[in-house]
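# Structural features, examined
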Amino acid sequence: MKYDRLGFPIPPSFPAPVDSDVPSRSPSGPAAPRRSAGSRKRLVLLGLLAVVVPVLLAPGIMPAVTEAVVSWSLERAIVREARGNVAAAIGDLGRAIRWCDDDADRRCRLLCWRAMLRIENLDARGAVADAEQAISIAPTSSQPRRVRALAHVILDESDAALDDAETAVALAGPADPEALNHRAYIRALVGRDLEAALADIDAALPPDGNASPELLDTKGFVLHLLGRHHEAVDLLNVAIDGTQKTRRQLVELAGHADPDDLAYRLRSLDHGLAVMHQHRGLACRAMGLEGQAAQDLETAERKGYAPQRGIF
């Protein structure tokens, strides 16, 4: 399972947009088949069988049963998160984590996913605990550090958040764009080392100028905090336009893609747009553009901007 800039998982079964201008976030290799009602029912039946009567099954087929339970749990987690039922998705991930004990890498990634959901469910301390468990399983992975840094920001633990961001860069490598972007954003969120944050995001931007909206949003936010509001608005305009284009392309897939996966991706995009509109609204307000600022800030709230839930 892949993750976006803030650690949110991207469903492996979601088809890539048809427009080649939209970067694919699906794993390499053949695309996973779409889920059908029949396959979903089979997963449910296998999962229930494994939960109720595992002691009756021969050890030789337990790996297949284990994979069925994990797959079934992840399917349910994706659907429930897509529908906004975060607490139930946390429970589904807990089951998946318990059943994949022998796969350390997978368990680490699922713990990071659950930690992000705990943040959204107003349980930042629980998110820290999940991230720490992931760190104990995969101490050289940068992902748990990035997730824990976000939880520390919500808990107003700036030093701990910056320490985790620094460690994530050290683990991922000094040229890793995701880690650099993350450290820049953590510095911006806590309002410290802003010139260093700008250097980080400049280093993360691709040399060909084809930057993702997420990277442009980070730079725009940092520029706003540095008082360079006009430059910030220019970048945020591009970031918002790019994200809205991707959203329109996903909407066009309605009827051709799994509706739950589509809802999942659209929910994540709307949260990203909420943050971008919030940043542009702040920059516009600093420039005295009160009308545009009010419109952006209202859009941000409507799309789910909520710092206490990690949507910031």
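Shown above is the structure to which this text applies.
Summary of the structure given here. (Residues numbered from 1 in each chain as written. Predicted model: local features only at pLDDT ≥ 70, side-chain atom pairs only at ≥ 80, totals over all residues. Heavy atoms only, no water.)

Time to look at the pattern of salt bridges. Following the criterion strictly, the structure yields 26 salt bridges and no others. For Arg192, the salt bridge goes to Asp159, with nearest N and O atoms at 2.9 Å. Of this pair, Arg192 sits in the loop between α8 (177-190) and α9 (194-204) while Asp159 sits in helix α7 (residues 158-172), placing them 33 residues apart in sequence. Relative accessible area serves as the criterion here: at 34%, Arg192 is assigned to the partly exposed category. Residue Asp159 is classed as partly exposed on the basis of its relative accessible area, which comes to 49%. Where Arg280 meets Asp296, a salt bridge forms, and the shortest distance between an N and an O atom there is 2.8 Å. Taken together, the residues span a long stretch of sequence, with Arg280 in helix α12 (residues 259-286) and Asp296 in helix α13 (residues 290-302) at a distance of 16 residues. Both residues of the pair, Arg280 and Asp296, count as buried. Salt bridges sharing partners connect three or more residues here, namely Arg76, Arg80, Asp92 and Arg95. (Salt bridge = Lys/Arg side-chain N within 4 Å of Asp/Glu carboxyl O. Helix = DSSP H or I, 4+ residues; strand = E, 2+ residues; numbered from the N terminus. Buried < 20%, exposed > 50% of the residue type's maximum accessible area, 1.4 Å probe, protein only.)

A rise of 1.5 Å per residue sets the reference length of helix α6 (residues 143-154), with its twelve residues, at 16 Å; its end C-alpha atoms lie 17 Å apart and thus fit the reference within 8%. Of all twelve residues making up α6, eleven are buried, and the element is well covered by its neighbours. Considered for burial, the residues of α6 that qualify are Gln143, Pro144, Arg145, Arg146, Val147, Arg148, Ala149, Leu150, Ala151, His152 and Val153. Backbone geometry just downstream of α6 places Asp156 in the positive-phi region, at approximately 60 degrees. (Expected span 1.5 Å × (residues − 1).)

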